[in-house]
Amino acid sequence: QVQLVESGGGLVQAGGSLRLSCAVSGSIAGITLMAWYRQAPGKQREPVANISRSAIITYADSVKGRFTISRDNAKNTMYLQMYSLKPEDTAVYYCNFVTWDGDYWGQGTQVTVSS
């Protein structure tokens, strides 16, 4: 059974940094897209960043210049380095892998940015 396991969330002051990780537990093949999403209280889940199989990277306008998405193909692991965090970045962050066999989601990790 394939699972995505996120880690790295926590409480940080505004202006601080965090690094999220998303690792695969189990065997997975044919990953075409790796992505981070987030969902703030009372809001819909929104895309944050993604990286395609061909290494094309896309960021939401709200995080451009502050967040960096990366991956380790050998480990099927994805990262989200977050700098200059703002209170509005507070949300549950989810990783998502799109594969030939369908979508996989992590359980979510809470990021809280205090002002």
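In the block above lies the structure referred to throughout.
The model shown is predicted, which means the values in this text are computed figures rather than measured ones. (Residues numbered from 1 in each chain as written. Predicted model: local features only at pLDDT ≥ 70, side-chain atom pairs only at ≥ 80, totals over all residues. Heavy atoms only, no water.)

Trainee: Quick one: what's the story with the nonpolar core, residue by residue and with numbers?
Mentor: Counting residues in each nonpolar core, the largest one holds 29 residues, and the members touching the most others are Trp36, Leu80, Met82, Tyr93 and Phe97. Sorting the residues of this core by element identifies strand 3 (18–25), strand 4 (31–39), strand 5 (46–52), strand 7 (67–72), strand 8 (77–82), strand 9 (91–99) and strand 11 (109–114) as the ones contributing at least two each. Not counting residues within four places of it along the chain, the set of residues in contact with Leu80 comprises Leu18, Arg19, Leu20, Trp36, Val48, Ala49, Phe67, Thr68, Ile69 and Tyr93. (Core = buried A, V, L, I, M, F, W, Y, C linked by side-chain atoms within 4.5 Å. Buried < 20%, exposed > 50% of the residue type's maximum accessible area, 1.4 Å probe, protein only. Helix = DSSP H or I, 4+ residues; strand = E, 2+ residues; numbered from the N terminus. Contact = heavy atoms within 4.5 Å.)

Trainee: Break down the state of the cysteines for me, with residues and values.
Mentor: Disulfides are covalent bonds that connect the sulfur atoms of two cysteines. With the rule as written, the count across this model stands at one disulfide. Two residues share a disulfide in this structure: Cys22 and Cys95, whose sulfurs sit 2.1 Å from each other. What sets the handedness of the Cys22 and Cys95 disulfide is the S-S torsion sign, and at about 60 degrees it is right-handed. Linking Cys22 in strand 3 with Cys95 in strand 9, this pair joins segments that are 73 residues apart in sequence. (Disulfide = S-S within 2.5 Å.)

Trainee: Tell me about the pattern of salt bridges, and name the residues and values.
Mentor: Inspection of every chain in the model, using the stated rule, returns four salt bridges. Residue Glu46 is joined to Arg38 by a salt bridge in which the shortest nitrogen-to-oxygen separation is 2.7 Å. For Glu46, a relative accessible area of 35% translates into the label partly exposed. Residue Lys64 is joined to Asp61 by a salt bridge in which the shortest nitrogen-to-oxygen separation is 3.1 Å. Each of Arg38, Glu46, Arg66 and Asp89 takes part in salt bridges that share partners, so that together they form one network. (Salt bridge = Lys/Arg side-chain N within 4 Å of Asp/Glu carboxyl O.)

Trainee: Describe the side chain of Glu6, listing the residues and the values that go with them.
Mentor: The residue Glu6 is located in strand 1 (residues 3–7) in this model. Buried Glu6, no salt bridge; nearest opposite-charge side chain is Arg45, N-O distance 7.7 Å. A polar side-chain atom of Glu6 sits 2.5 Å from the main-chain amide nitrogen of Cys95. A polar atom in the side chain of Glu6 sits 3.2 Å from the backbone nitrogen of Gln107. Glu6 has contacts with Ser21, Cys22, Trp36, Tyr93, Tyr94, Cys95, Gly106, Gln107, Gly108 and Thr109, leaving out every residue within four places of it along the chain. (Lys, Arg positive; Asp, Glu negative; His and termini not counted. Polar contact = N/O pair within 3.5 Å; in protein donor to acceptor, adjacent residues only side chain to side chain.)

That is the geometry; function is a separate question.
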